[in-house]
Amino acid sequence: MIETERLVLRKLKESDLDYIYAWDSDEEVTRFVTFPVHKSKKDTEKILDFWLSKYKAPDTIRFAIEIKESSEVMGMIDVIGITSEGYPEIGYASAKKYWGKGYMTEACKAMVNHMFEIGYRKILIKAMIENIGSNKVIEKTGFSFIKKEKVYLEKSDKNVTLNVYEINKA
Ligand SMILES: CC(C)(COP(=O)(O)OP(=O)(O)OC[C@H]1O[C@@H](n2cnc3c(N)ncnc32)[C@H](O)[C@@H]1OP(=O)(O)O)[C@@H](O)C(=O)NCCC(=O)NCCS
């Protein structure tokens with residue numbers, strides 16, 4: 001568990017289903033992510049079951065982001081992969097009603113500190129060039145832009161351009 005001024009980052013629970021469905025069923029939220037929008041709660045149930053099963057591996061890093069004041073789960077932040085060089089890549093998403101309040105920047109900074117504390121020395125993050133909000137979160141967190149990368153996005157059957165960033169432990 002990680003605590004910030006306004007947030008608690010903790011493991012996902014089965015009872016988070018409705019919160020997760022709120023953002024993963026929203027086309028505006030999923031527009032800039034690789035996974036397709038959830039068409040029903042069944043889709044969310046399936047992925048949540050998978051995520052919960054992944055906690056059996058003690059090195060799984062995937063947090064629900066809870067707002068301290070209301071105990072609502074506003075979003076999720078996780079390690080979406082480890083590069084061949086051993087660097088973790090972070091991903092995140094949150095429900096629209098919580099956007100623009102600085103929450104994801106707060107969560108992302110805490111996540112980066114946590115990753116450095118547990119021993120990683122470099123962290124990567126990528127965002128589609130059109131994703132203004134995410135690129136802002138990344139820059140406000142202190143990541144540096146390294147390159148652009150073209151990838152094929154299966155869900156929309158098109159190529160997209162990503163900004164690739166890194167942050168190194170001081
Ligand atoms: C990207 C996302 C996580 C940002 O979360 P957030 O809690 O709103 O982020 P913050 O409030 O910390 O910062 C966002 C900043 O971008 C700005 N912003 C957001 N969307 C914007 C837009 N479309 N145009 C211009 N500015 C925008 C906000 O005003 C804020 O700027 P500020 O710090 O100057 O006020 C959230 O919008 C989201 O979940 N999007 C959908 C999923 C997604 O894109 N995930 C990332 C994949 S790489």
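Only a predicted model underlies this, so the values are computations on that prediction, with no experimental measurement involved. (Residues numbered from 1 in each chain as written. Predicted model: local features only at pLDDT ≥ 70, side-chain atom pairs only at ≥ 80, totals over all residues.)

The next point concerns the overall build of the chain. Scanning the chain from terminus to terminus reveals five helices and eight strands. For the chain, the N- to C-terminal ordering of α and β elements is β-β-α-α-α-β-β-β-α-β-α-β-β. A compact globule built from 170 residues would reach a C-alpha radius of gyration of about 15 Å, and the chain, at 15 Å, matches this within 12%. Principal-axis analysis of the C-alpha atoms gives the chain an extent of 40 × 40 × 35 Å. (Helix = DSSP H or I, 4+ residues; strand = E, 2+ residues; numbered from the N terminus. Rg over C-alpha atoms; globule rule 2.2 N^0.38 Å.)

Okay, the nonpolar core next. Counting 33 residues, the largest nonpolar core has L9, I65, M76, I77, Y92, A107 and M111 as its most contacted members. When residues no more than four places from it in sequence are discounted, the contact partners of M111 are L9, I77 and I90. (Core = buried A, V, L, I, M, F, W, Y, C linked by C-beta atoms within 7 Å. Buried ≥ 20, exposed ≤ 12 C-beta atoms within 10 Å, placed from the backbone. Contact = placed C-beta atoms within 7 Å.)

As a matter of local geometry, the ligand sits amid 22 residues, with W99, M104, T105, G133 and K136 nearest to it. The set of elements that each furnish at least two residues to the shell around the ligand consists of β5 (88-94), α4 (103-117) and α5 (132-141). Considering each element in turn, the shell around the ligand owes the most residues, six residues, to α5. Residue composition of the shell around the ligand, grouped by class: twelve nonpolar, seven polar and three charged. (Near = placed C-beta within 6 Å. Nonpolar A, V, L, I, M, F, W, Y, C, P; charged D, E, K, R; others polar.)

So, about the pairing of strand β6 (residues 122-128). Residues I123, I125 and A127 point to one face of β6 and are all buried, whereas K122, L124, K126 and M128, pointing to the other face, are not buried. Relative to β6, β5 runs parallel, the two being bridged by two bridges. By the bridge assignment, E89 is partnered in β6 with L124. Viewed along the sheet, the connection from β5 through α4 into β6 turns out right-handed. With seven bridges joining them, β6 and strand β8 (residues 158-168) adopt antiparallel strand pairing. In the strand pairing of β8, K126 is matched with V164. (Pairing = 2+ DSSP bridges. Right-handed = clockwise from strand over helix to strand, strands pointing away.)

Its identity as a non-glycine residue notwithstanding, S71 has a phi of 65 degrees, on the positive side. The residue S71 is located in the loop between β3 (62-67) and β4 (73-82) in this model. With a phi close to 50 degrees, D157 is a non-glycine residue in the positive phi region. Looking at the element boundaries, D157 is found in the loop between β7 (144-153) and β8. Note on D157: 7 C-beta atoms within 10 Å, which makes it exposed.

Turning to the pairing of β3, a few remarks are in order. Sheet topology note: the strand β2 (residues 7-11)/β3 ladder contains five bridges and is antiparallel. Its bridge partner being in β3, V8 is matched across the sheet by E66. Looking at chain direction, β3 and β4 are connected through five bridges and run antiparallel. Looking across to β4, one finds that I65 is bridged to G75. The antiparallel pairing of β3 with β4 creates a hairpin that spans five residues between the two strands, and S71 there sits at a positive phi of about 65 degrees.

This paragraph deals with the sheet that holds β7. Sheet architecture is open: eight strands sit in the order β1-β2-β3-β4-β5-β6-β8-β7, paired in mixed fashion. This sheet does not close on itself; its edge strands, each paired only once, are β1 (2-3) and β7. Here α5 sits on the sheet and contacts β6 and β8; the angle it forms with β6, its principal contact strand, is near 160 degrees. (Axes fitted to C-alpha atoms, helices over the stretch in contact; angles between N-to-C directions.)

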